[in-house]
Amino acid sequence: MRLVVAGSPAPAVPTLDALAASEHEIVRVISRPPAPLGRRRILTPTPVAARAVELGIPVLETTRLADLEPELLPLEIDLGIIVAYGGLVREPLLSWPRLGWINLHFSLLPRWRGAAPVQHAIIAGDEVTGATVFQLTPGLDEGDWFAQEREMIGAHRTAGALLEALSVSGAALTRRVVDGLAAGAIAARRQEGEPTFAPKLTRDDARIRWTEPVEAVHSRVRGVTPEPGAFSMLPDGTALKILEAAPARDLRPLDPGVCAVEGRRVLVGTATAPLELVRVQPAGRSAMSAGDWVRGLDADSLPVLS
């Protein structure tokens, strides 16, 4: 089949690679425009655009798919595949490919429809998530689905690590669906169950609530890592980023937000057991171990985090 692939971030690259290695032809890749990255703010193509160039596939970069209608609509395309492109597909492009568009979504739909499904699944304390390939429709992640694959979240994986794993298994899942559609051997089924929603995370989502149980605090830290990044506020009004942490259920409780040192362990109180800080990053400084951070403070008056 003749395909068009739309995607932008790194989790979409494995799907591009899987389809490029198949018997199908990728006619165009669509991605977001280059963005300024790093301290020098150098304009940098998206990971998908950069990979497409390496593969020798023509790339179209836009923030609005509608702007590409004059170039795309004359092309004969069998199927569109979208993975984390970052924009909406509306008519007439939605029904332009012969078989429409399919979307690889990193959740078990209808749970966690929206922009940040992996992050919300971890924050909510879900034990299992997965990937779904479904027919794109005008509604938010509402289309009938062709295939799903489950993935155990585990007690320690961050959103970044889980998304990386799902991007690989999801790429293989997408290729199987594309092959099935080409052979006319796969049918979609209606989503069943009550949907939940996963909007894009805000900075407030990343702020730790120390009055929650330690399991919820730890889940939030993992769910917002690496982006937007967990943090708490120090008494002087600066933020302390929490890069890595773990529940310390074997130690005595502390009041929420209260810091303490037990041996070499740096602890913060929650509504239940303490949370052990492993790696942190104070404002304006590099990442460091929590022990190094505490050694630079007044041991007699450790801060209360809020």
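Worth saying up front: this structure is predicted, and the values here are computed from it rather than measured. (Residues numbered from 1 in each chain as written. Predicted model: local features only at pLDDT ≥ 70, side-chain atom pairs only at ≥ 80, totals over all residues. Heavy atoms only, no water.)

Digging into the pairing of strand 8 (residues 128–135)
- Counting buried positions along strand 8 gives 6 out of 8 residues, so the element sits mostly inside the fold.
- As defined by bridge partners, strand 7 (residues 101–105) adjoins strand 8 across 4 bridges and the pair is classed as antiparallel. Paired with His105 across the bridge in strand 8 is Thr132.
- Pairing geometry for strand 8 and strand 9 (residues 145–152), over 7 bridges, is antiparallel. In the strand pairing of strand 9, Val133 is matched with Ala147. (Buried < 20%, exposed > 50% of the residue type's maximum accessible area, 1.4 Å probe, protein only. Helix = DSSP H or I, 4+ residues; strand = E, 2+ residues; numbered from the N terminus. Pairing = 2+ DSSP bridges.)

Some remarks on the sheet that holds strand 7
- The 7 strands are arranged 5-2-1-6-7-8-9 in an open sheet whose pairing can be described as mixed. Two strands lie at the open edges of the sheet, namely strand 5 (59–61) and strand 9, each paired on one side alone. The average angle at which neighbouring strand axes cross in this sheet is 15 degrees, direction not considered.
- Where strand 6 (residues 79–83) meets strand 7, 3 bridges bridge the pair, whose relative direction is parallel. What sits directly across from Gly80, in strand 7, is Trp101.
- Sitting on the sheet, helix 5 (residues 159–183) touches strand 1 (2–7), strand 6, strand 7, strand 8 and strand 9, and the angle it makes with strand 9 is about 155 degrees. (Axes fitted to C-alpha atoms, helices over the stretch in contact; angles between N-to-C directions. Contact = heavy atoms within 4.5 Å.)

Re the packing of aromatic side chains
- In the structure shown here, the tally under the stated rule is 1 aromatic pair.
- With a centroid separation of 6.4 Å and an interplanar angle of 55 degrees, the aromatic rings of Trp96 and Trp101 are classed as tilted. Accessibility assignment for this pair places Trp96 and Trp101 in one class, buried.
- Over the ring of Tyr85 we find Arg32; its NZ or CZ atom is 5.9 Å from the centre of that ring.
- Geometry around Phe231 places Arg203 over its ring, the cationic atom sitting 3.9 Å from the centre. (Phe/Tyr/Trp six-rings, centres within 6.5 Å; stacked < 30°, edge-to-face > 60°. Lys NZ or Arg CZ within 6 Å of the ring centre and 35° of its normal.)

Overview of the environment of Pro74
- When you line up the elements, Pro74 lands in the loop between helix 3 (69–72) and strand 6.
- Through-space distance from the C-alpha of Pro74 to that of Trp96 is 9.4 Å; in sequence the pair is 22 residues apart.

Some remarks on the layout of surface pockets
- There is about 1500 Å³ of room inside the largest pocket.
- Secondary structure elements with two or more residues in the lining of the largest pocket: strand 3 (35–37), strand 7, helix 4 (117–123) and helix 5.
- Split into classes, the residues belonging to the lining of the largest pocket amount to 27 nonpolar, 14 polar and 7 charged.
- Considering only enclosed or pocket space, the second largest pocket measures out at about 220 Å³ in volume.
- What lines the second largest pocket is a set of 15 residues, among which Gly154, Ala155, His218, Ser219 and Arg222 lie closest to the centre.
- The element contributing the most residues to the lining of the second largest pocket is helix 6 (residues 214–223), with 4 residues. (1 Å grid on protein atoms, 1.4 Å probe; cavity = no way out; pocket = protein on both sides within 12 Å on 5 of 7 lines; lining within 4 Å. Points joined across faces, edges and corners; volume = space filled by probe spheres on them. Nonpolar A, V, L, I, M, F, W, Y, C, P; charged D, E, K, R; others polar.)

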